[in-house]
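An overview of the molecular structure
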Number of protein chains: 2
Amino acid sequence: MTCELCELAGPREAAPVVYRDDKLSVILVDDVNYPGFCRVVWNDHVKEMSDLNGAERALLNEAVCRVELALREVLAPTKVNLASLGNVVPHLHWHVIPRFDWDSHFPGPVWAAPARDVLPAPVTRLRTPLPELDARVVRAVAALAPGD
Amino acid sequence: MTCELCELAGPREAAPVVYRDDKLSVILVDDVNYPGFCRVVWNDHVKEMSDLNGAERALLNEAVCRVELALREVLAPTKVNLASLGNVVPHLHWHVIPRFDWDSHFPGPVWAAPARDVLPAPVTRLRTPLPELDARVVRAVAALAPGD
């Protein structure tokens, strides 16, 4: 059985990866309702946070925090949601989701039933274009890379 | 406006707190569908993980990891779900949820529409009684307390 998150370790062109180093990758999720939704993926196929050793956990937690900070600085969301679920794809990854009081599910979780339609499109409501977010995320996480 | 999580810092009798120290508290959530569902609450009223300093974040992340390990050791869940949402109550807290392939939403998130009714009651399916989980969680997290 292939794991779709393991496949991220293949050619970068195959996935919308904005950042990757030896340990982890950051993906911008293509969800029309949630522009700026990032995933931080541990490259190795491990299942739970507690399967990592302390140094690995600290690195991954810090990367998630830096993505959160980048989202806050660039998009000024109402709230940031963090989640590591992995019930369908048991390969350790974090959802880092900028939430806005106007978004389709707020204040519910993004996995609940939607509360409203959002028009005009969410991406047009962001105060900063997404490519600037990509660049900010890359800078934030790259500073953690082994050897830096 | 009162914050229900700030109220946890009041008399312990007022809430089902299984552990509390100067920095954080652990609550067993009373949810019939999710026996063993824990919340790790930062005592101070801060909103986001990135509002904590590095040492505070490391402490909270480690507490969450130890609760996850306690759940794994005691209940052997199919997966553990971790989430910090706080859209309704913007007081930093982590959901640590043992998931089982027979539970009401698996493999969906617990916030999605339920996939099935679970009978007999979930609590009767656990391999270990919940009071033993409480004791294990307290031991795991207390070992992190300042001064230890």
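Heads up: these notes are all about the structure in this document. (Residues numbered from 1 in each chain as written. Chains lettered and ligands numbered in written order. Predicted model: local features only at pLDDT ≥ 70, side-chain atom pairs only at ≥ 80, totals over all residues. Heavy atoms only, no water.)

A word on the packing of aromatic side chains
Counted only if it meets this: Aromatic rings from Phe, Tyr and Trp, taking only the six-membered ring of Trp, are treated as a pair when their centres fall within 6.5 Å; an angle between ring planes under 30 degrees marks them as stacked, one over 60 as edge-to-face, and anything in between as tilted. When a residue's accessible area, from a 1.4 Å probe over protein chains only, is under 20% of the maximum for its type it is buried; when over 50% it is exposed; and in between it is partly exposed. In DSSP terms, a helix is any run of H or I states spanning at least four residues, a strand is any run of E spanning at least two, and both are numbered starting from the N terminus. Distance and angle both matter: a charge sits over a ring if NZ of Lys or CZ of Arg is within 6 Å of the ring centre and within 35 degrees of the ring normal.
A full pass over the atoms with the stated rule returns four aromatic pairs over all chains. Ring plane angle 10° and centroid distance 4.8 Å describe the contact between Phe-100 of chain A and Trp-102 of chain A, whose orientation is recorded as stacked. Since its relative accessible area comes to 8%, Phe-100 of chain A is described here as buried. With centroids separated by 5.5 Å and ring planes inclined at 25°, the aromatic side chains of Trp-111 of chain A and Trp-111 of chain B adopt a geometry described as stacked. You can see Trp-111 of chain A sitting in the loop between strand 5 (93-99) and helix 2 (130-142) and its partner Trp-111 of chain B sitting in the loop between strand 5 (93-99) and helix 2 (130-142), one on each of two chains. Here the two residues Trp-111 of chain A and Trp-111 of chain B agree in accessibility, since each one is buried. The ring of Trp-102 of chain A carries Arg-125 of chain A above its face, with NZ or CZ at 5.0 Å from the centroid.

Remarks on the nonpolar core
Note the cut-off: Working definition of a nonpolar core: buried Ala, Val, Leu, Ile, Met, Phe, Trp, Tyr and Cys residues. They are joined through side-chain atoms within 4.5 Å. We call two residues contacting when some pair of their heavy atoms lies within 4.5 Å.
Core analysis: the largest hydrophobic core is formed by 61 residues, its most contacted members being Val-40, Leu-60 and Trp-94 of chain A together with Val-40, Leu-60 and Trp-94 of chain B. Beyond its immediate sequence surroundings of up to four residues, Leu-60 of chain B is in contact with Leu-24, Val-40, Trp-42, Met-49, Leu-52, Leu-92 and Trp-94 of chain B. Counting residues in hydrophobic clusters, the runner-up holds 16 residues, among them Leu-85 of chain A together with Val-29, Ala-83 and Ile-97 of chain B.

Here we look at helix 1 (residues 54-75) of chain B
Quick reminder of the rule: Expected helix span is taken as 1.5 Å per residue step, with the number of steps being one fewer than the number of residues. Pairs of N or O atoms within 3.5 Å make up the polar contacts considered here, provided that, within protein, one atom can donate a hydrogen while the other can accept it, and that residues adjacent in sequence are counted only when both atoms are side-chain atoms.
Taking 1.5 Å per residue as the helical rise, helix 1 of chain B with its 22 residues ought to reach 32 Å, and the 31 Å between its terminal C-alpha atoms agrees with that figure. Taking the backbone nitrogen of Ala-55 of chain B as reference, a side-chain oxygen 3.1 Å away marks Asn-53 of chain B as the first, capping residue of helix 1 of chain B.

Let's talk about the side chain of His-91 of chain B
Residue and element names in this part refer to chain B. Topologically, His-91 is positioned in the loop between strand 4 (79-84) and strand 5. Engagement of the side chain of His-91 in a polar contact is seen with the side chain of His-45, the distance being 3.1 Å. If we ignore the near neighbours within four places in the chain, the residues touching His-91 are Cys-3, Leu-5, Cys-6, Val-41, Trp-42, Asn-43, Asp-44, His-45 and Val-46.

Description of the sheet that holds strand 3 (residues 38-42) of chain A
The criterion, for reference: At least two bridges found by DSSP between two strands are what make those strands a pair. To get an axis, fit a line to the C-alpha atoms, keeping to the stretch in contact for a helix; angles then go from 0 to 180 degrees between the N-to-C directions.
As summarised here, the arrangement of the 10 strands in space is 1(A)-2(A)-3(A)-5(A)-4(A)-4(B)-5(B)-3(B)-2(B)-1(B), forming an open sheet in which the pairing is antiparallel. The sheet is open, and its two borders are formed by strand 1 (17-20) of chain A together with strand 1 (17-20) of chain B, each paired with just one other strand. Direction aside, neighbouring strands of the sheet carry axes that sit 15° apart on average. One ladder, built from five bridges, connects strand 4 of chain B with strand 5 of chain B; its direction is antiparallel. Residue pairing for strand 5 of chain B: Leu-82 of chain B is matched across the bridge by Val-96 of chain B. Against the sheet, helix 1 (residues 54-75) of chain A touches strand 2 (24-28), strand 3, strand 4 (79-84) and strand 5 of chain A, its axis set at about 165° to strand 3 of chain A. Sheet contacts for helix 2 of chain B: strand 1, strand 2 (24-28) and strand 3 (38-42) of chain B; angle to strand 1 of chain B, the most-contacted strand, approximately 15°.

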